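# An overview of the molecular structure
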Amino acid sequence: MALDPALADRICKAVDDGFDAQLDYLKTLVRFPSQRGDEHAVQDFVFQELRKRGFAMERFAMDEEAIKRHPGGSPFSDTHSTAPIVVGIHRPKVETGHSLVMQGHIDIVPVGPEEMWTSPPYEPRIDGDWFYGRGAGDMKAGHGAMVAVFDALKRAGVQPAATVYVQSVVEEESTGNGALQCHLRGYKAEAALIPEPSHGKITRGNVGVVWFQFTVQGHPVHVREAGSGQNAIEAAYGVMRKLRELEAFWNTKTKDVPIFKDEAHPINLNFGKIKGGDWASSVPAWCTVDCRISIFPGEKPETMMRAIEDTIAKAAREDRFLANNPPKVVWNGFTTEGYILKPGSEAEAVLGRAHQRAWGEPLQEAVTPAYLDGRVYALFDEIPTLNYGPSAERVHGFDERFSIESLRKATKSMALFVAEWCGTEPV
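Residues numbered from 1 in each chain as written. Predicted model: local features only at pLDDT ≥ 70, side-chain atom pairs only at ≥ 80, totals over all residues. Heavy atoms only, no water.

### Thoughts on the environment of I85
- Here I85 lies in strand β2 (residues 85-90).
- A relative accessible area of 0% places I85 in the buried class.
- With 93 residues separating them along the chain, I85 and G178 place their C-alpha atoms 6.8 Å apart.
- Aside from chain neighbours lying at most four places away, what touches I85 is Q43, E58, R59, F60, M62, S168, V169, V170, G178 and C182. (Helix = DSSP H or I, 4+ residues; strand = E, 2+ residues; numbered from the N terminus. Buried < 20%, exposed > 50% of the residue type's maximum accessible area, 1.4 Å probe, protein only. Contact = heavy atoms within 4.5 Å.)

So, in structure tokens, the structure goes:
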């Protein structure tokens, strides 16, 4: 049943009335430098904010052994976050509507050289319609909107008439294990809403991701006799060229994946970090390269992992030195599948009506050649998983930003969706 128009108007007005407070809350989130492993303080803040609003609270660590046993788990490493997962649970007076998971990640990526930012990355800045700051778009704007939805509903005199789990997770940017831990913890609902930045569109599908590291050992000598040594950095270039060929091969499969047919290059390989050598006048004895590559939804990570191993082995066979000193490969992050959201669910129809009212236009769909935590809820809980949020630009880059007006509209859509999907009851 569609939402009562008078209540919908009250909810939209309530979002507007509280929007300045929503932006102030978001500024506080952005000021936390919550890079991988440093999310403890911001998770404490989120815990306290949800508890102040009357949520039943849980805070728990990840179960490494359980994650290792699960087919959706990614490898742990020395840099894996130890910050807790925070979950706020709203329980209604009477359960009459559909239950819901609302989930957002609080971890962010490094800022890079700060002198290349127009303003300090952890000091929020507003310029016209743009809100700047590291993590502002990906995805603290959406994370804060989850809280703003409950504030707006309360301001409108109602609350969800169903159980809602508000999950604040870590490790979204590196393994996806935070979302998986929520699944392993046993939280179940009839739909999931994840407000990642999506330019006000629903995400129809996304790729899986594999992280790996390869290390090449060289033979160090003084540079005066470089020809008698083996330069590990130069040898790593040969391996990287072969991996580029693997990337090109996978992109030839785009025509076989209908939802990605309009994407020119959905499978992206990135050499994200390289280290090597010890001294400018010594032929380098080692080189380590950290890499990321994606896979089409429907493919298992193991398929790409085997392809990577085979490609690196081929590169070694074609190099006289590496043939006897093959590179070592380590899986040090994501080994995750992608997913496709099946159309036609009741939850998607409800979001479509909410979007139409908030934006004044029909809900459109998009795909993304990136990882999304939604894969956990879509693949393992097998529920409609709606990735939907504001417009953001320059994520993972300098001067990351999101559109303030798009956040206002997305927050209205989310609040209207929760009110119709979960039903409402008086506060």
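Structure shown, so let's carry the discussion forward.
### A few points about the nonpolar core
- The biggest cluster of nonpolar side chains holds 87 residues, and the ones touching the most others in it are I11, L100, M102, Y377, F402 and F417.
- It is helix α11 (residues 404-422) that provides the largest number of residues to this core, a total of 11 residues.
- Beyond its immediate sequence surroundings of up to four residues, M102 is in contact with M146, F150, V164, Y165, V166, Q167, L193, M414 and V418.
- The next biggest cluster of nonpolar side chains, apart from the first, holds 33 residues, and it includes V207, C291, M305 and A315. (Core = buried A, V, L, I, M, F, W, Y, C linked by side-chain atoms within 4.5 Å.)

### As for the sheet that holds strand β19 (residues 401-403)
- Taken in spatial order, the 4 strands make up an open sheet running β4-β5-β19-β18, and their pairing is antiparallel. Looking at strand neighbours, the two that pair on one side only are β4 (125-127) and β18 (392-393), the edges of this open sheet.
- Pairing between β4 and strand β5 (residues 130-132): 3 bridges, direction antiparallel. Residue pairing in the sheet places D127 in a bridge with W130 of β5.
- Against the sheet, helix α5 (residues 136-155) contacts β5, β18 and β19, and its axis sits at roughly 50 degrees relative to β19. (Pairing = 2+ DSSP bridges. Axes fitted to C-alpha atoms, helices over the stretch in contact; angles between N-to-C directions.)

### A look at the pattern of salt bridges
- If you walk through the whole model with that rule in mind, you get 27 salt bridges.
- In this structure, K242 and E318 form a salt bridge, with 3.1 Å as the shortest nitrogen-oxygen distance. Of this pair, K242 sits in helix α7 (residues 232-251) while E318 sits in the loop between α8 (301-317) and β13 (328-330), placing them 76 residues apart in sequence.
- On the basis of relative accessible area, K242 is assigned to the buried category, the value being 15%.
- A salt bridge links R401 to E393, with the shortest nitrogen-to-oxygen separation between them at 2.7 Å.
- Through salt bridges with shared partners, one network takes in D16, E405, R408 and K412. (Salt bridge = Lys/Arg side-chain N within 4 Å of Asp/Glu carboxyl O.)

### Regarding the packing of aromatic side chains
- This model, assessed by the stated rule, comprises 12 aromatic pairs.
- Relative to F45, the ring of F32 has its centre 5.5 Å away and its plane inclined at 40 degrees; by these criteria the two rings are tilted. Residue F32 is found in the loop between α2 (19-31) and α3 (40-52), and its partner F45 is found in helix α3; the two are separated by 13 residues along the sequence.
- Ring plane angle 55 degrees and centroid distance 6.0 Å describe the contact between F212 and W331, whose orientation is recorded as tilted. Remark: W331 occurs in the loop between β13 and β14 (335-336) and F212 occurs in strand β10 (residues 208-217); sequence separation between them is 119 residues.
- The class of W331 is buried, set by a relative accessible area of 19%.
- Within the aromatic cluster, the residues linked to one another by ring pairs are Y25, F32 and F45.
- Sitting over the ring of Y132, R125 keeps its end group 4.1 Å from the ring centre. (Phe/Tyr/Trp six-rings, centres within 6.5 Å; stacked < 30°, edge-to-face > 60°. Lys NZ or Arg CZ within 6 Å of the ring centre and 35° of its normal.)

### As for the side chain of R401
- Positionally, R401 belongs in strand β19.
- If sequence neighbours within four positions are ignored, R401 has contacts with W130, F131, Y132, A392, E393 and R394.

Shape descriptors only; they carry no functional weight alone.
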